[in-house]
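A structural walkthrough
Here is how the chains run, residue by residue.
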Amino acid sequence: MIRNVLIDLDDTILDFKKCEATALAESFVQLGVEPTDELIKRYSEINEMMWKRLERKEVTREEVLTGRFAILIEEKGMDVDPNKIRTIYEDILSRQAFKKPGADELLERLKDEYDLYLVSNGTASVQHGRIDEANIERFFKKMFISQEVGYNKPDKRFFDIAFSQIGDINLDETVIIGDSLSSDIQGGINAGIHTVWFNDMDYEPSDLIKPEITIKTLESVDEVIKNL
């Protein structure tokens, strides 16, 4: 029987792709750059690649946060300071809180039946700003953001620290729900807990990372965790 539910933030509760595109477009406009769909798409690809490199411990957090812009600027031959656009982007992103369909309803349903914990890779100031904007902190007993924890999902140490702060936790009674195979699902496997992959974007499954359960809508969460 599940007692503890760990929930990812971006692209699970919040629609990160929409938040990212909105913040990026506004940032480029402030710097006098036309925010074309192609430019935003390429940034998103670079950003995802850099975060996956961070998960594999190939780069530092600082190299991700500035480097993603530096790579884009070099590729496109843009006359923009990567540190300046990073500062503008993070400020705007911290106020973006578009939610996935059914997110509020899910949290409302789960909060009285389970102990909910937010688990997120990200920059603390940006994530806290978005959490406040979305008004979702009230649903969680504790929130664990990688920059504050000191480790990133899927590192087992991220979960070890979270579990030590939760206290009296039974792994068999704990599940993680998230959209990322490489951070959420692999992290849950590393931690020895149940895993539910939220795949509303129809990503291809992995031969290497096997979630216990796959769902396509947040409405499915209640039923699947009751059966774990």
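Anything mentioned here points back to the structure above.
Residues numbered from 1 in each chain as written. Predicted model: local features only at pLDDT ≥ 70, side-chain atom pairs only at ≥ 80, totals over all residues. Heavy atoms only, no water.

1. Details of helix H8 (residues 156-166)
A turn of α-helix holds 3.6 residues, and therefore any two residues three or four places apart point the same way. For H8, the complete set of buried residues consists of Phe158, Phe159, Ala162, Phe163 and Ile166. Projection of H8 onto a plane perpendicular to its axis shows the buried side chains occupying an angular sector of 125°, all on one side. Contacts from the buried residues of H8 go to strand E1 (4-7), strand E2 (115-120), strand E3 (142-145), helix H7 (146-149), strand E4 (174-178) and helix H9 (181-191). Where H8 terminates, the next one or two residues include Gly167, which has phi positive at roughly 80°. (Buried < 20%, exposed > 50% of the residue type's maximum accessible area, 1.4 Å probe, protein only. Helix = DSSP H or I, 4+ residues; strand = E, 2+ residues; numbered from the N terminus. Arc of directions from axis to C-beta. Contact = heavy atoms within 4.5 Å.)

2. Remarks on the packing of aromatic side chains
What the rule picks out here adds up to six aromatic pairs. Pairing Phe69 with Tyr89 gives two aromatic rings, centres 5.5 Å apart and planes at 70°, and the pair type is edge-to-face. Taken together, the positions of Phe69 in helix H3 (residues 61-76) and Tyr89 in helix H4 (residues 82-93) put the pair 20 residues apart, joining distant regions of the chain. For Phe69, a relative accessible area of 1% puts it in the buried group. Measuring from ring centre to ring centre gives 6.5 Å for Tyr117 and Phe144, while their planes differ by 35°; the resulting arrangement is tilted. (Phe/Tyr/Trp six-rings, centres within 6.5 Å; stacked < 30°, edge-to-face > 60°.)

3. Structural notes on the packing of helix H1 (residues 16-30) against helix H2 (residues 37-55)
Close contact between H1 and H2 brings their axes to 10 Å; oriented N to C, the two are set at 120°. Taken together, the axis directions place H1 and H2 in an arrangement best described as oblique. Helix-helix and strand crossings are classified by hand; for H1 and H2 the assignment is right-handed. The segment H1 lies against H2, with Phe16, Glu20, Ala21, Leu24, Ala25 and Phe28 engaging Leu39, Ile40, Tyr43, Ser44 and Asn47. Partitioning the contact of H1 with H2 into residue classes produces eight nonpolar, two polar and one charged. (Axes fitted to C-alpha atoms, helices over the stretch in contact; angles between N-to-C directions. Parallel < 35°, antiparallel > 145°, perpendicular 65-115°, else oblique. Left-handed = near helix turned anticlockwise from the far one by under 90°. Nonpolar A, V, L, I, M, F, W, Y, C, P; charged D, E, K, R; others polar.)

4. Some details on the sheet that holds E2
Strand order in the open sheet made by the six strands is E3-E2-E1-E4-E5-E6, with parallel pairing throughout. Edge positions in the sheet fall to E3 and strand E6 (213-215), since each has one partner strand and no second. For this sheet the average axis-to-axis angle between neighbouring strands, irrespective of direction, equals 20°. In this fold H8 packs onto E1, E2, E3 and E4, with an angle of close to 160° to the strand it touches most, E3. Each of E4 and strand E5 (194-198) is contacted by H9, which is oriented at about 165° to E5, the strand it contacts most. (Pairing = 2+ DSSP bridges.)

These figures come from the coordinates and say nothing about function on their own.
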